[in-house]
Every structure is written in C-alpha cells, then in structure tokens.
Amino acid sequence: MKSPHTLEIQGLRITLPGTARPVLDGVDLHVAAGETVALVGESGSGKTLTSRSALNLLPPGAQVEGAVRVDGQDVLTMNADQLRALRASTAAMIFQDPRAALNPLRRIGDFLTESVTLTRSMGRADATARATELLHAVGLDDSALHKYPGQVSGGMLQRVMIAAALMGDPTLLLADEPTTALDVTTQAEVIALLARLRERFGTGLLFVTHDLDLAAAISDRVYVMYAGRIAESGPAKGLFAHPRHPYTAALLASTPRLEAPRGRLAAIEGQPPDLRQELHGCPFAARCPIATEICDHEAPGLLPAPGTPHHNSACHHSDRFEGSPVDA
C-alpha cells in the first residue's frame, strides 16, 4: 500500500565520530503531498541534517539507525544508482546559497538540464523545453538559459534553483533556509512563488528556517528541534499561538517585533548542550525556567499536550505550561 506521506522519518538516530551522543536522536517527522511543513530551531539543532537525510546526504562516518522513506521507499537502504534516480526525480533540495550550488563557468541552461539528461529520463530537446517552462513558472524568460550565474542577481539565481529542483517533477521539495541570503522584498517573492508552485504541482515541502514568523505564515504544521530531538510539533496556528514547550515559547519571545516595547531583546540564557557530553535528562533543562529535578534525570517523550491531540510536546510539565511567548 502506497504511503500517504511523501516523506516519513521514523526513529532517525545519527551518530558522528568524536561525539558522545547522537546528533539526531530518535527523530520522527512526516510531510504529506501538497503540505508545507516547517522545521525550526537554533543553529546546530539538527534541522539541516534532518532534511538532508531525505536524500541520504549524510556526513562521512555517520552511523545511522531508523528509517527515512520518500514515496514509501527507504532511502537509507538504496544503492548508488537508486539514490541518483531519487535525487534526479522524486526528491530535490533548494539550498541556502544558490551561488555555492551553481558552477560559475557553465550556463544556467546546462545546469537545469544536466540531471535529467544524465539519468536519461529526458532527451536534450525535452529537457530544454521543460527548463523553459519552469523558468517561465518562476518568473524568468528564455534568455536565462544562455546566461552564466555571475550575470544574474541573487534573487534570480534562487528562482533558477527552484526551477532546477522541479525539473524532475519531484513529489518532495526540501528547502534549506532558501531565503536567508536574499533581501526582504526578494524573500517575499520567493516565498510566494514556492506557495504557488506547491499548489500547482502538489509537491510536499519541508521548509527549514530560523524565521518563526515566516514559518507561521507559510506552513501547515511545524516541528521545533532542539539538540537533535523534536521538542514540539503541531499545527502551525495552534503551536505558535499556544506553545506547550518552554523552548518554543522562549524562541518566540526572542523574535524581534516592531510593536514590542523598547528595551533589551529577550534572549535564551545559556548554550545548547555540547555534543561531546552525554545527555541524561531533558536537553533543555539547564536553560529552562520551569525545570525541576525530574528534568535533569529523565528525558521526556514527545506526547500529546493535554487537550490538544494533534499538538505534541516533549516536556514533563506541558500539563501546567500554558505556553505563550510572554510566559517564557
């Protein structure tokens, strides 16, 4: 039976050489067709590694447990040929910096058509026609095919990256901070473009971002990561309006806002746990304003918060933590 999810991650645990604990520790996550799911958290929380696992783009020496299924197929068990086909058609990634992903000595048209022609899923003429169609879909004209990356702006290059990701008609798009390097106006244009393309092609979208306001605006559901674990998950509207984990509330409280009163911006005191040290309890306990003794010794499971069956929190005290950005 075909899985209803374009991406399904179950019990993903990844350990790297030289670390005392897993960099990803039992991650569960899914993305349905036509759904936008945001993955948020501080730098180093494991967001990018989680998204890259969908393409089996893992660091050398990684020890992996669990399953990562794209369209029902476990990518962690695929051989090189199967992975090549997966990356050319079924799943694609939009990277943070488009200039780092494109060869400056090759024309944009060659970049767009290369993957589908090398895998022989399309002939040269069909690939060029598809590239032209997608350039139009992202708001560019045919002339972009003949230009080099250095001849176009950063915003145009990110549009090219989106077109490239759609070349193989993927069922899953992975967007790793795709608007970070862009100005605010271009960011808005790219986000609107991704929303239109998701609706048009029915593609599932996993959107990795630091921007909580952006995640709230574009996503159907949200996963909040901390220290390689899912701290909280649920529908975007409910999760951001009433967070049930102190880490989520603290992130929201530290988000700059124009309407906020003057004064020092709120910050989360302390540092994330060191990968060279084992964790014995809740990873957020040392920075948490409501931590108790149990938090230091027992890791909480990701369970439904009281009264919210689709809203999960990995907190021993989610029953009394009513969660608002102000409470943190």
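### A few points about empty space enclosed by the protein
1) Next: Counting across every chain of the model gives 1 cavity of 30 Å³ or more.
2) Next: Counted as a void, the largest cavity has a volume near 60 Å³.
3) Next: Cys282, Cys288, Cys295, Cys315 and His316 are the residues nearest the centre of the largest cavity, which is lined by 13 residues in total.
4) Next: Looking at the lining of the largest cavity residue by residue, the classes come out as 10 nonpolar, 3 polar and no charged.

### A few points about helix α5 (residues 124–137)
1) Next: Taking 1.5 Å per residue as the helical rise, α5 with its 14 residues ought to reach 20 Å, and the 20 Å between its terminal C-alpha atoms agrees with that figure.
2) Next: Taken together, the buried positions of α5 are occupied by Ala127, Arg130, Ala131, Thr132, Leu134, Leu135 and Ala137.
3) Next: Packed against the buried residues of α5 are α4 (108–118), α6 (154–165) and α7 (184–201).

### Considering the layout of surface pockets
1) Next: When its volume is computed, the largest pocket comes out at roughly 660 Å³.
2) Next: Lining the largest pocket we find 29 residues, and of these Arg87, Phe95, Phe111, Ser115 and Ala164 sit closest to its centre.
3) Next: Where the lining of the largest pocket is concerned, the elements lending two or more residues are α2 (80–90), β6 (91–94), α4 and α6.
4) Next: The element contributing the most residues to the lining of the largest pocket is α4, with 6 residues.
5) Next: Grouping the constituent residues of the lining of the largest pocket by class yields 19 nonpolar, 5 polar and 5 charged.

### Some remarks on the packing of α4 against α6
1) Next: Two elements in contact, α4 and α6, have axes separated by 10 Å at closest approach and are oriented at 20 degrees. By the angle between their directions, the pair α4 and α6 is classed as roughly parallel. Crossing hand, α4 versus α6: right-handed. Two secondary-structure elements touch here, α4 through Ile108, Phe111 and Leu112 and α6 through Leu157, Val160, Met161, Ala163 and Ala164.
2) Next: Residue composition of the contact of α4 with α6, by class: 8 nonpolar, no polar and no charged.

### A word on the confidence of the model for the protein chain
1) Next: Across the protein chain, the average pLDDT comes to 88, with 95% of residues at or above 70.
2) Next: Per-residue pLDDT stays below 50 along residues 323–328; that stretch engages in 12 contacts with residues further than four places along the chain or on separate chains.

### Considering the pairing of β6
1) Next: Residues Ala91 and Met93 of β6 are buried on one face, and the alternating residues Ala92 and Ile94, pointing to the opposite face, are buried as well.
2) Next: Judged from the 4 bridges that link them, β6 and strand β7 (residues 172–176) form a sheet pairing that is parallel. Among the inter-strand pairings, Ala91 is bridged to a residue of β7, identified as Leu172.

### Structural notes on the side chain of Ser53
1) Next: In this structure, Ser53 sits in helix α1 (residues 47–53).
2) Next: The contacts of Ser53, once residues within four sequence positions are left out, are Ile9, Leu12, Leu58, Val68, Val75 and Leu76.

### Structural notes on unusual backbone geometry
1) Next: Notably, Glu177 is not glycine yet its phi reads approximately 45 degrees, a positive angle.
2) Next: Its identity is not glycine, yet Ala227 carries a phi of approximately 50 degrees, on the positive side.

### Observations regarding the packing of aromatic side chains
1) Next: For the structure on display, the rule yields 3 aromatic pairs.
2) Next: Here Tyr226 and Tyr247 contribute two aromatic rings whose centre-to-centre distance is 4.6 Å and whose plane-to-plane angle is 55 degrees, an arrangement assigned as tilted. Of the two residues, Tyr226 is situated in strand β9 (residues 221–226) and Tyr247 in helix α10 (residues 246–253); the sequence distance between them amounts to 21 residues. Comparing Tyr226 with Tyr247 shows no difference in burial state: the two are buried.
3) Next: Joined through ring pairs, the aromatic side chains of Tyr226, Tyr247 and Phe284 make up one cluster.

Thresholds applied
- For every chain, the first residue of its written sequence is number 1, and the numbers climb from 1 along that sequence.
- Given that the model is predicted, a residue must reach a pLDDT of at least 70 before its local features are reported, and side-chain atom pairs must reach 80 or more before they are shown or counted; all residues, however, enter totals for whole chains, interfaces and linings.
- Values shown for side chains rest on all heavy atoms present in the structure; no hydrogens or waters enter the calculation.
- Definitions used for this entry: grid spacing 1 Å over protein atoms alone; cavity, a set of points where a 1.4 Å probe fits but cannot get out; pocket, an open set with protein on both sides within 12 Å along at least 5 of 7 lines; lining residue, one with an atom within 4 Å of a point.
- Grid points are joined across faces, edges and corners, and a volume is the space filled by probe spheres set on the points.
- Lys, Arg, Asp and Glu make up the charged group, whereas Ala, Val, Leu, Ile, Met, Phe, Trp, Tyr, Cys and Pro make up the nonpolar group; the residues left over, Gly among them, are polar.
- Where helices and strands are cited, they refer to DSSP runs of H or I of at least four residues and of E of at least two residues respectively, numbered from the N terminus.
- Here a helix's expected span is defined as the number of its residues, less one, multiplied by 1.5 Å.
- Only protein chains enter the accessibility calculation, which uses a 1.4 Å probe; a residue whose area is less than 20% of its type maximum is buried, one above 50% is exposed, and one in between is partly exposed.
- Contacts are assigned to residue pairs with any non-hydrogen atoms lying within 4.5 Å of each other.
- Simply put, an axis is a line fit to the C-alpha atoms, just over the touching stretch for a helix, and the angle between two N-to-C directions goes from 0 to 180 degrees.
- Geometric relationships in this document are graded by angle, where less than 35 degrees denotes roughly parallel, more than 145 denotes roughly antiparallel, 65 to 115 denotes roughly perpendicular, and other angles denote oblique.
- By definition, any crossing whose near helix is turned counterclockwise from its far helix by less than a right angle is left-handed, and any crossing with a clockwise turn is right-handed.
- Scored between 0 and 100, pLDDT is the confidence that the predictor attaches to each residue.
- Two strands are counted as paired when DSSP detects at least two bridges linking them.
- Note on aromatic contacts: the rings of Phe and Tyr and the six-membered ring of Trp form a pair at centre separations within 6.5 Å, being stacked when their planes are under 30 degrees apart, edge-to-face when over 60 apart, and tilted otherwise.

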